[in-house]
Amino acid sequence: MTYNQMQPAQPGHPAKPAPGAGADVKTFATAVLLTFGTGVLMMDGWALLDSGFGAFLGLVAGGFGIFWWKSIHGKVFPRELGTKSVVILAVINVVLMLLLLLQVS
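Note that the structure is a prediction, hence the values are computed from the model and not measured.

Visitor: Before we go on, may I ask you to explain a nonpolar patch on the surface in this structure?
Guide: A cluster of nonpolar side chains, namely L48, L49, F53, F56, L57, L59, V60 and F64, defines an oily patch on the protein surface of about 790 Å² accessible area. When residues of the nonpolar patch are traced back to their parent elements, those giving at least two are α1 (21–49) and α2 (52–73). No other element matches the six residues that α2 contributes to the nonpolar patch. The topology assignment puts L57 in helix α2. What makes L57 partly exposed here is its relative accessible area of 37%.

Visitor: Is there a simple way to think about the environment of M43 in this case?
Guide: With respect to the helices, strands and loops of the structure, M43 is situated in helix α1. Exposure remark for M43: the relative accessible area of 42% places this residue in the partly exposed category. Placed eleven residues apart in sequence, M43 and G54 show a C-alpha to C-alpha distance of 8.1 Å.

Visitor: What should I look at first to understand the side chain of N93 in this one?
Guide: With respect to the helices and strands, N93 occurs in helix α3 (residues 83–104). Here L33 takes part through its backbone oxygen, which lies 3.1 Å from a polar atom of the side chain of N93. A distance of 3.3 Å separates the side chain of N93 from the backbone nitrogen of G37, its partner in a polar contact. Among all residues touching N93, those that are not within four sequence positions of it are L33, F36 and G37.

Visitor: Would you mind going over unusual backbone geometry with me for this structure?
Guide: Glycine aside, residues mostly have negative phi angles, and peptide bonds mostly take the trans form. Backbone geometry places D50, a non-glycine residue, at a positive phi of 55°. Mapped onto the elements of the fold, D50 is located in the loop between α1 and α2.

Visitor: Would you explain the packing of α1 against α3 in this entry?
Guide: Two packed helices can be described by the angle between their axes and the distance between those axes. One way to put it is that α1 packs onto α3 with a least axis distance of 9 Å and a crossing angle of 25°. Overall, the two elements α1 and α3 adopt an arrangement that is roughly parallel. For the pair α1 and α3, the crossing hand works out as left-handed. Considering only residue class, the contact of α1 with α3 consists of 16 nonpolar, five polar and two charged.

How each quantity is defined
Residues numbered from 1 in each chain as written. Predicted model: local features only at pLDDT ≥ 70, side-chain atom pairs only at ≥ 80, totals over all residues. Heavy atoms only, no water. Patch = residues over 30% accessible without salt bridge, like charges linked within 9 Å, V, L, I, M, F, W, Y side chains within 5 Å. Areas by Shrake-Rupley, 256 points an atom, 1.4 Å probe, with all protein chains shown as cover. Salt bridge = Lys/Arg side-chain N within 4 Å of Asp/Glu carboxyl O. Helix = DSSP H or I, 4+ residues; strand = E, 2+ residues; numbered from the N terminus. Buried < 20%, exposed > 50% of the residue type's maximum accessible area, 1.4 Å probe, protein only. Polar contact = N/O pair within 3.5 Å; in protein donor to acceptor, adjacent residues only side chain to side chain. Contact = heavy atoms within 4.5 Å. Axes fitted to C-alpha atoms, helices over the stretch in contact; angles between N-to-C directions. Parallel < 35°, antiparallel > 145°, perpendicular 65-115°, else oblique. Left-handed = near helix turned anticlockwise from the far one by under 90°. Nonpolar A, V, L, I, M, F, W, Y, C, P; charged D, E, K, R; others polar.

This is the structure in structure tokens:
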């Protein structure tokens, strides 16, 4: 019969719980909102300048927005993301849609 001794916990390496389904939902929502927001920015540019150049400028603005998002969170689609960040991203998308609707009407 063998006796297995318990190993001491390693200092500096706390056990982190595995992210659950909530983290997956927030990551998926982030992907959807970033993609949708870039598309809406393109449509805003098209409506504002009434040309394809406006859509191009909207695409460039969307690229800078994604770059900014990555500089804040370390990754474009981080595994562990705060709910506040996703809500702010959703609010920005709503504002961009309202801007587009105001330009069209």
